[in-house]
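# Breakdown of the fold
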Amino acid sequence: MVFCSVVSCKKESYANATVIKNCTGTYLQVLDKIYKVCNVNKTTSSENGQKVLASFNLTKECKNDMPIPATCYMLYQNDGLINVIDIKKL
């Protein structure tokens, strides 16, 4: 008897995005939405205003969210939280 299994690979999809960095955190702007990045270590090599291709997942909470510094007097509206899977510079 021959046992067959089917393995499917999930292909990552990328979106054009702009990196936004300020004292409140790091964000990705995708079309008309702005998402706060939870895993900022994935964006350390990107500069503010840089155009990128990004693959990400929406999430409900950031596990290791850094507090906003006391010297930051900004509120930055966003449309949700994301975890970046991969990011490529354009």
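The sections below set out a description of the structure shown in this document.

## Some details on the side chain of Ser46
You can see Ser46 is positioned in the loop between β3 (33–37) and β4 (51–59). With a relative accessible area of 4%, Ser46 lands in the buried category. With near-sequence residues (within four places) excluded, Ser46 lies in contact with Val19, Lys21, Val52 and Ile87.

## Concerning the state of the cysteines
Summed over all chains, the structure comprises 2 disulfides. Linked covalently through their sulfurs, Cys23 and Cys72 form a disulfide whose S-S length is 1.9 Å. Taking the torsion about the sulfur-sulfur bond, which here is approximately 55°, the covalent link between Cys23 and Cys72 counts as right-handed. Taken together, the positions of Cys23 in the loop between β1 (15–22) and β2 (25–30) and Cys72 in the loop between β4 and β5 (81–89) put the pair 49 residues apart, joining distant regions of the chain. Judged by its relative accessible area of 35%, Cys23 is partly exposed. What makes Cys72 buried here is its relative accessible area of 10%.

What counts, and at which threshold
Residues numbered from 1 in each chain as written. Predicted model: local features only at pLDDT ≥ 70, side-chain atom pairs only at ≥ 80, totals over all residues. Heavy atoms only, no water. Helix = DSSP H or I, 4+ residues; strand = E, 2+ residues; numbered from the N terminus. Buried < 20%, exposed > 50% of the residue type's maximum accessible area, 1.4 Å probe, protein only. Contact = heavy atoms within 4.5 Å. Disulfide = S-S within 2.5 Å.

Honestly, that's just the spatial picture; any functional story needs more than this.
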